[in-house]
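Next come the chains, spelled out residue by residue.
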Amino acid sequence: QVQLVESGGGLVQAGDSLRLSCAASGDSICIGSLGWYRQAPGKERELVAGETSGGSTYHADSVKGRFTISRDNAKNSVYLQMNSLKPEDTAVYYCYLLCDYDGYDSWGQGTQVTVSS
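The notes below deal with the structure included here. This is a predicted model, so every value here is computed, not measured. (Residues numbered from 1 in each chain as written. Predicted model: local features only at pLDDT ≥ 70, side-chain atom pairs only at ≥ 80, totals over all residues. Heavy atoms only, no water.)

**Focus: the sheet that holds strand S3 (residues 18-26)**
Strand order in this open sheet of 4 strands is S1-S3-S8-S7, and the pairing throughout is antiparallel. Every interior strand has two partners, whereas the edge strands, strand S1 (2-7) and strand S7 (67-72), have only one. Taken over all neighbouring pairs, the strand axes of this sheet differ in orientation by 15° on average, direction set aside. Pairing between S1 and S3: 6 bridges, direction antiparallel. The residue of S3 that forms the bridge with Glu6 is Cys22. (Pairing = 2+ DSSP bridges. Helix = DSSP H or I, 4+ residues; strand = E, 2+ residues; numbered from the N terminus. Axes fitted to C-alpha atoms, helices over the stretch in contact; angles between N-to-C directions.)

**Quick word on the environment of Gln1**
The topology assignment puts Gln1 in the segment before S1. In sequence terms Gln1 and Val48 are 47 residues apart; their C-alpha atoms lie 25 Å from each other. Among residues more than four places away in sequence, those in contact with Gln1 are Ser25, Gly26, Asp27 and Ser28. (Contact = heavy atoms within 4.5 Å.)

**Considerations on the state of the cysteines**
For the structure shown, the criterion picks out 2 disulfides. The side chain of Cys22 participates in a disulfide bridge whose partner is Cys95; the two sulfur atoms lie 2.0 Å from each other. Its S-S torsion of about -80° marks the bond between Cys22 and Cys95 as left-handed, since a negative value means left-handed. Taken together, the positions of Cys22 in strand S3 and Cys95 in strand S9 (residues 91-99) put the pair 73 residues apart, joining distant regions of the chain. For the pair formed by Cys22 and Cys95, the shared burial category is buried. (Disulfide = S-S within 2.5 Å. Buried < 20%, exposed > 50% of the residue type's maximum accessible area, 1.4 Å probe, protein only.)

**A look at the packing of aromatic side chains**
Tallying each qualifying case throughout the model produces 3 aromatic pairs. For the ring pair Tyr96 and Trp107, a centre distance of 5.8 Å and an interplane angle of 45° mean the geometry is tilted. Linking Tyr96 in strand S9 with Trp107 in strand S10 (residues 105-107), this pair joins segments that are 11 residues apart in sequence. Connected via pairs of aromatic rings, a cluster forms that spans Tyr37, Tyr96 and Trp107. A cation over a ring is seen here: Arg19 above Tyr79, with NZ or CZ 4.2 Å from the ring centre. (Phe/Tyr/Trp six-rings, centres within 6.5 Å; stacked < 30°, edge-to-face > 60°. Lys NZ or Arg CZ within 6 Å of the ring centre and 35° of its normal.)

**Comments concerning the environment of Arg71**
Here Arg71 shows up in strand S7. In the structure, Arg71 is positioned 50 residues away from Ser21 in sequence and 9.4 Å away in space, judged by C-alpha atoms. Leave out the neighbours within four places in its chain, and Arg71 touches Gly32, Ser33, Leu34, Glu51, Thr52, Ser53, Ser77, Val78 and Tyr79. In terms of polar contacts, Arg71 uses its side chain to reach the backbone carbonyl oxygen of Gly32, at 3.0 Å. One polar contact links the side chain of Arg71 to the main-chain carbonyl oxygen of Glu51, over a distance of 3.0 Å. (Polar contact = N/O pair within 3.5 Å; in protein donor to acceptor, adjacent residues only side chain to side chain.)

All quantities given are derived from atomic positions and should not be read as evidence of function.
What follows is the structure, given as structure tokens:
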């Protein structure tokens, strides 16, 4: 079983920055993609950014140029640096791990990001 624990969320003002962290632990950690989804009230969960095990990255158009994903394989961790935050970035951010071998996915409990105008 894999546990993903996020940290770094909070309440900030528009234009501020936050850095989210997610650490994976457990005896079933696999090689795979790590990344972040978010879900705002009344909206569907959307993929924000991800990084494959090979190092390829993806950022949603809505966050390109503002958010940057990175990972530290030695620490089984993934990070999301969020700059120039906007009120529309307000959401619960979820970390995920998607195993390359069998597609099994694991999720964190979510961390709230609130951006005030």
